[in-house]
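# A closer look at the structure
What follows is each chain in one-letter form.
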Amino acid sequence: MFRHHDSAAELSSIKDNLTECLRAAEDKLTSVSEERDLLNSSLTQLTEEMDRLQRLSKPSPSSSESRSHGAAVVSLGLLSVFLLAGLVGLGVHHHHSARGSAAELSSIKDNLTECLRAAEDKLTSVSEERDLLNSSLTQLTEEMDRLQRLSKLNHDSAAELSSIKDNLTECLRAAEDKLTSVSEERDLLNSSLTQLTEEMDRLQRLSKPKTCPAGWKTLSSSCYFLSSRSDSWEQSREDCRDKGADLVVIDSLEEQKFLSSIIKQRTWIGLHDRVDEGSWKWIDGTPLTQAYWDSQPDNGGGDPQWGEEDCAELVDFAGGNWNDVRCSDLKPWICENLA
Ligand SMILES: [Ca+2]
Ligand SMILES: [Ca+2]
Ligand SMILES: [Ca+2]
């Protein structure tokens, strides 16, 4: 992160340097252009001087050829050629001209020498400018190299950032996994808590001393009402319901023994197969799992005297076995109510 920031600052500094170098190079270029214009101007001067010399050296001047040459000259190389040609022309003039005055020739020679010196000065100046430009170019190349190195550094930073991002993504995924795991544990704990609460309620009910209504008998967490009257199974159940209870459901051996001990005669219990013959069910809907039949149920044994036997009674002799009988028989009943 910090390295990336430093790189940005360094890049900005390099950009400033480059801009400065470019501006300096442009200045040099402008300066060189001016020098070139001066050189061109000097060249024109020299050309004119040459023309003048040629005109002087020839009685019948036809300098169109030389003029076309002068117009074509645009470089320092050509300038040198023309200077040389001028000098040669001057030599020729000295040899062949017998008519030109010595004073005029001397003046022309002075002018040429001056022009030549001026041209040499310009050439030196241009060479210096070229050296400066070369130096600027070297500087620019170095800056470019530095930029390329920095660019590589940025590339490394990007790789590092990508790596950091990968690490962070992995951490995030791990955290999410842990969160899911913790959520599952919380659900399990909540479920356990619900179970514990129910168990606690049950224990509290068990530990509380039973307060059964007057005339009801108590066993464990249930209250029992033993009727003194006799009625059909259906009417017996109706009476229990009127009392806020129902016919007894025998769901433990202890209860079976207890009830057997308190009855004086055959008594209705809350068991029947009225809905589906042979399929015995308690009146609270629970299926029959532990039974105490003895050679029963026989559904009347096919004897018309007994008819269809769909309701269960608790027999009053030892063991208190169960038997199926007609539901319309009149018997006492036992109601059970959870305390
Ligand atoms: Ca019971
Ligand atoms: Ca039956
Ligand atoms: Ca029977």
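Residues numbered from 1 in each chain as written. Chains lettered and ligands numbered in written order. Predicted model: local features only at pLDDT ≥ 70, side-chain atom pairs only at ≥ 80, totals over all residues.

## Brief notes about the overall build of the protein
Note the following rule: A run of H or I in DSSP counts as a helix once it spans at least four residues, and a run of E counts as a strand once it spans at least two, with each numbered from the N terminus. Our contact criterion uses C-beta atoms placed from the backbone: two residues qualify when those atoms are within 7 Å.
Across its full length, the protein carries 6 helices and 8 strands. Put simply, 68% of the contacts in the protein that link residues at least 6 apart link residues at least 24 apart.

## Some points on helix H5 (residues 233-242)
Going by this rule: Exposure classification rests on a simple neighbour count of other C-beta atoms within 10 Å of a residue's own: a residue reaching 20 or more is buried, one at 12 or fewer is exposed, and one in between is partly exposed. C-beta atoms are placed from the backbone. Each C-beta atom gives one direction from the helix axis, and the arc is the one those directions make.
Taken together, the buried positions of H5 are occupied by Trp-233, Ser-236, Arg-237 and Cys-240. Viewed end-on, H5 has its buried residues packed into an arc of 95 degrees, placing them on one side of the element. Lining the buried residues of H5 we find strand E3 (246-247), strand E4 (267-272), strand E6 (311-314) and strand E8 (334-338). In the segment just after H5, Gly-244 is the residue with positive phi, at about 80 degrees.

## Section: the nonpolar core
What counts is decided by this rule: The nonpolar core is taken to be a set of buried Ala, Val, Leu, Ile, Met, Phe, Trp, Tyr and Cys residues joined by way of C-beta atoms within 7 Å.
Counting 20 residues, the largest nonpolar core has Leu-247, Val-248, Ile-269 and Cys-335 as its most contacted members. Mapped by element, the contributors of at least two residues to this core are H5, E4, E6, strand E7 (322-325) and E8.

## Let's talk about the pairing of strand E2 (residues 222-226)
The two faces of a sheet get side chains in turn, since along a regular strand they alternate between them. Short version of the rule: By this definition, two strands are paired if DSSP reports at least two bridges between them.
Sheet topology places strand E1 (residues 217-219) next to E2; 3 bridges connect them, and they run antiparallel. Within the sheet, the bridge partner assigned to Lys-217 lies in E2 and is Tyr-224. Across 5 bridges, E2 lies against E8 in antiparallel orientation. Following the sheet pairing, Ser-222 is matched in E8 by Leu-338.

## Description of the confidence of the model for the protein
The test is simple: Confidence of the predictor at the level of single residues is captured by pLDDT, which takes values from 0 to 100.
Mean pLDDT for the protein: 78, with 71% of residues reaching 70 or above. Between residues 60-78, whose pLDDT stays under 50, and residues either more than four places distant or in other chains, the model counts 17 contacts. Across residues 90-98, where pLDDT falls below 50, the model places 10 contacts with residues more than four positions away in sequence or in other chains.

## Considering the sheet that holds E1
What the 4 strands build is an open sheet, ordered E1-E2-E8-E3; its pairing is antiparallel. The sheet terminates laterally at E1 and E3, the two strands that pair on one side only.

## A word on the sheet that holds E6
Pairing is antiparallel in the open sheet, where 4 strands are placed in the order E5-E4-E6-E7. A strand with exactly one partner marks an edge of an open sheet, and here the two such strands are strand E5 (281-282) and E7. Relative to E5, E4 runs antiparallel, the two sharing 2 bridges. Considered in E5, the bridge of Leu-271 is made with Trp-282.

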